[in-house]
Amino acid sequence: MKNDFLKPLFIALFFTGCSTTDLPELAPGDVPTQWQAAAASTAREWPDQNWWTEFDNEELSSYLEQVKSNNFDLAINDRNLTSAQILLRDAGFDLLPTPVVSISTQPSYSEVRVDGETQRGSSGSDLVLGVAASYTNILSKPAIYDGELADYDYRVAQAADVSLNTFSTAASVYFQLLLTRDRIEFTEQNVENAQTIYEIAQARVDSGVAVPIEALQQQISLEQQRIRLQNLRQDEISLRGSLALLSGQSMQGFNLDGTTLDAIAIPDIQPGLPSELLSRRPDLVLAEADLRSARANVDVVKTSFLPQISLTASGSTSSSSLSALVANPDSVIALSSSIAQVLLDNGQRGRNTDLATLTLENSLSRYRAAVINAFNEIEIILGNVAFLAAQSEVAIRNLDAAEESFRIAELRYQEGVVDFETVLNTQNVLFQTRSSYLDSKLAQLNVAVALYQALGGGWEIAERPAI
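Below you will find a few notes about this structure. Here the residue index of a chain counts from 1 through its sequence in written order. For a predicted model such as this one, the threshold for reporting local features is a pLDDT of at least 70, and the threshold for listing and counting side-chain atom pairs is 80 or more; totals across whole chains, interfaces and linings nevertheless cover every residue. Side-chain metrics in this entry use all non-hydrogen atoms of the structure; hydrogen atoms and water are not considered.

### Looking at the side chain of Arg 281
Rule in force here: Here a helix means four or more residues in a row that DSSP labels H or I, a strand means two or more in a row labelled E, and each is numbered from the N terminus. Polar contact criterion, stated in full: a pair of N or O atoms within 3.5 Å, where within protein one must be able to donate a hydrogen and the other to accept it, and residues adjacent in sequence count only if both atoms are side-chain atoms.
Mapped onto the elements of the fold, Arg 281 is located in the loop between helix 5 (212-246) and helix 6 (282-302). Polar contacts involving the side chain of Arg 281 include one to the side chain of Glu 377, which spans 2.7 Å.

### Looking at helix 2 (residues 58-70)
The condition that has to hold: Helices are assigned an expected span. That span is 1.5 Å times one less than the residue count. Any residue under 20% of the maximum accessible area for its type is buried, any over 50% is exposed, and the rest in between are partly exposed; the area is computed with a 1.4 Å probe on protein chains only. Directions drawn from the helix axis to the C-beta atoms are what define this arc. Whether two residues are in contact is decided by their heavy atoms, any of which lying within 4.5 Å being enough.
Here helix 2 contains 13 residues, and its C-alpha end-to-end distance of 18 Å stays within 8% of the 18 Å for a straight helix at 1.5 Å per residue. Residues Leu 60, Ser 61, Tyr 63, Leu 64 and Val 67 constitute the buried set of helix 2. Take helix 2 and look down its axis: the buried residues cluster within an arc of 165°, on one side only. Turned more than 90 degrees from where helix 2 packs its buried face, Glu 58 and Ser 69 sit exposed. Next to the buried residues of helix 2 lie helix 3 (72-94), helix 4 (141-206) and helix 5. The backbone nitrogen of Glu 59 has a side-chain oxygen 3.2 Å away, supplied by the residue at the start of helix 2, namely Asn 57.

### Observations concerning the packing of helix 4 against helix 6
Packed helices, taken two at a time, are described by their axes: the angle between them and the distance between them. Selection rule: A fitted line through C-alpha atoms serves as each axis, taken over the contacting stretch for helices, and the angle formed by two N-to-C directions is quoted from 0 to 180°. With respect to orientation, any angle under 35 degrees is reported as roughly parallel, any angle over 145 as roughly antiparallel, any angle of 65 to 115 as roughly perpendicular, and every other angle as oblique. Handedness of a helix crossing follows the sense of rotation of the near helix relative to the far helix, less than a right angle counterclockwise being left-handed and clockwise being right-handed. When residues are grouped by polarity, Ala, Val, Leu, Ile, Met, Phe, Trp, Tyr, Cys and Pro land in nonpolar, Asp, Glu, Lys and Arg in charged, and all others, Gly among them, in polar.
The contact between helix 4 and helix 6 brings their axes to 8 Å, and the two run at 165°. Looking at the two axes, helix 4 sits roughly antiparallel to helix 6. Like other packed secondary-structure pairs, helix 4 and helix 6 cross with a definite hand, here left-handed. Here the residues of the contact of helix 4 with helix 6 sort into 14 nonpolar, three polar and seven charged.

### Here's the deal with the packing of aromatic side chains
What counts, and what does not: Centres within 6.5 Å are what make two rings of Phe, Tyr or Trp a pair, Trp counting through its six-membered ring; a difference in plane orientation under 30 degrees is then read as stacked, over 60 as edge-to-face, and the rest as tilted. Cation placement over rings: the criterion is NZ of Lys or CZ of Arg within 6 Å of the ring centroid and within 35° of the ring normal.
In this structure the tally under the stated criterion is 10 aromatic pairs. Arranged with centres 5.6 Å apart and planes meeting at 45°, the rings of Trp 35 and Phe 375 form a pair that is tilted. Of the two residues, Trp 35 is situated in the loop between helix 1 (2-17) and helix 2 and Phe 375 in helix 8 (residues 348-415); the sequence distance between them amounts to 340 residues. Assessed through its relative accessible area of 3%, Phe 375 is described here as buried. Pairing Tyr 63 with Tyr 174 gives two aromatic rings, centres 6.5 Å apart and planes at 20°, and the pair type is stacked. Of this pair, Tyr 63 sits in helix 2 while Tyr 174 sits in helix 4, and the two are 111 residues apart along the sequence. For Tyr 63, a relative accessible area of 1% corresponds to the buried category. You can call Tyr 174 buried: its relative accessible area is 1%. Over the aromatic face of Phe 186 sits the side chain of Arg 434, whose NZ or CZ is 5.4 Å from the ring centroid.

### A closer look at the pattern of salt bridges
Worth spelling out the cut-off: When a carboxyl oxygen of Asp or Glu is within 4 Å of a side-chain nitrogen of Lys or Arg, the pair counts as a salt bridge.
All chains considered together, the criterion is met by 18 salt bridges. Arg 292 is the salt-bridge partner of Glu 288, the closest N and O atoms lying 3.5 Å from each other. Here Arg 292 and Glu 288 lie together in helix 6, a separation of four residues that amounts to about one turn. Of the residues examined, Arg 292 reaches a relative accessible area of 14% and is grouped as buried. Through salt bridges with shared partners, a single ionic network connects Asp 153, Glu 288 and Arg 292.

### Remarks on helix 3
Between its terminal C-alpha atoms helix 3 stretches 33 Å, which fits the 33 Å expected from 23 residues at 1.5 Å a residue. Where helix 3 is buried, its residues meet helix 2 and helix 4. Sitting at the head of helix 3, Asn 71 places a side-chain oxygen 2.9 Å from the backbone nitrogen of Asp 73.

### Observations regarding unusual backbone geometry
Of note in this structure, Trp 46 is not a glycine but carries a positive phi near 65°. Taking relative accessible area as the criterion, Trp 46 reaches 4% and is therefore assigned buried. Look at Asp 56: it is not a glycine, yet its phi comes out positive at around 55°. When you line up the elements, Asp 56 lands in the loop between helix 1 and helix 2. Relative accessible area serves as the criterion here: at 61%, Asp 56 is assigned to the exposed category.

### Looking at the nonpolar core
Convention followed: The definition of a nonpolar core used throughout is a set of buried Ala, Val, Leu, Ile, Met, Phe, Trp, Tyr and Cys residues joined through side-chain atoms within 4.5 Å.
Among the nonpolar cores identified, the biggest contains 76 residues, and Trp 51, Phe 55, Tyr 63 and Phe 175 are the most heavily contacted of them. It is helix 8 that contributes the most residues to this core, 17 residues altogether. The residues contacting Tyr 63, other than those within four sequence positions of it, are Ala 170, Leu 243, Leu 246, Ser 247, Phe 254 and Leu 256. Tyr 145, Ala 157, Leu 286 and Trp 459 belong to the second largest nonpolar core, which has 12 residues in total.

### Some words on the side chain of Lys 441
Within the element layout of this structure, Lys 441 appears in helix 9 (residues 420-454). Engagement of the side chain of Lys 441 in a polar contact is seen with the backbone oxygen of Leu 261, the distance being 2.7 Å. When near neighbours in sequence (up to four residues on either side) are disregarded, Lys 441 contacts Leu 261, Asp 262, Ile 264 and Ile 266.

Pasting the structure below:
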């Protein structure tokens, strides 16, 4: 009898061990053996999780720590991770038989009529202790659990991706704030320069040396710079509002003291071996978890071709008192097993298998596309890092030359050596060159943030919590 009861379990273990689908692999060449673009050899391989400290700015580091502690999306992230851990723990318990323990009372009552008389009686209440365990869908449980593991890894990577995007956005907005403050300072200088040239032009007109059109043109240029200054100050307010929200604060009372991008260092960043990126970049772990989930679904569908095996066991004991229930109970034990097999379903199981297989193939395509895109993205960013570094050196030299040219033109115009058009041209060149210099510095900082993000921001998939 005992062997007959365990036979379905042996059958389940046999079928389960033979039905696992191989996880599809990336094609040769999807993962390069080395990076083509040159990287900074002085930097450590792979960024640290607090990668923003590499910009060597205390205010930025302090602000990002506020984001880490107070950002609303990150708080939702933490709760989602806790939920994912609870769901994984439930999935682990689903692998085991389901136990049920109950205690109840069963009162008895009797009524007998003899010669027209009614006799009533009660024998009291019996206490009944019941224990039962069921183990159903045995063949599909391992595949279902594999799917739950993939779903957990997906949730963890999804939370990491949200965190990485949040920190990257916060850093970029902070840089934009400093750029705007730089632009405000430069525009204030532009207004001052334009005001000086206007006064010179007006003095020349008043003395009859120049025609009125020179003063009018310069007045237009001056007003344009004043309007630009007002717009920049409004932009600065908007950026402060965005930064306040990212750190979970109201704008009232929130401020950052930084005033210039020159206070931000350009970090050196170096990736490690390309193959390591697969476990360091959240979106790739997301895609791989989706692939594993699709594989698990194929295995679940395949079990529909196998017998449906269930095992149940139950026991109960009863007595008229609690002490007797423990000392001298009346017990009943029952064991049962069942095997059921669907013989005809008009090909539904076959169609389900085809659909699951197609989903698996689609997941592989998405995974390969994500991997190839990730490596291509990093190669492009590494190339941009080198290009922008060279461009920055040119921008600095151009700014020095433009400032010197304007200084000479302003002096010569005042002396009457050059005409107004020359001054106006050199002034416009200075305005544009200052803007290009700031754009160049911002581009370097943003490409550094993009590279940190493309490399996974120091994240690595961790071991799953104990069930």
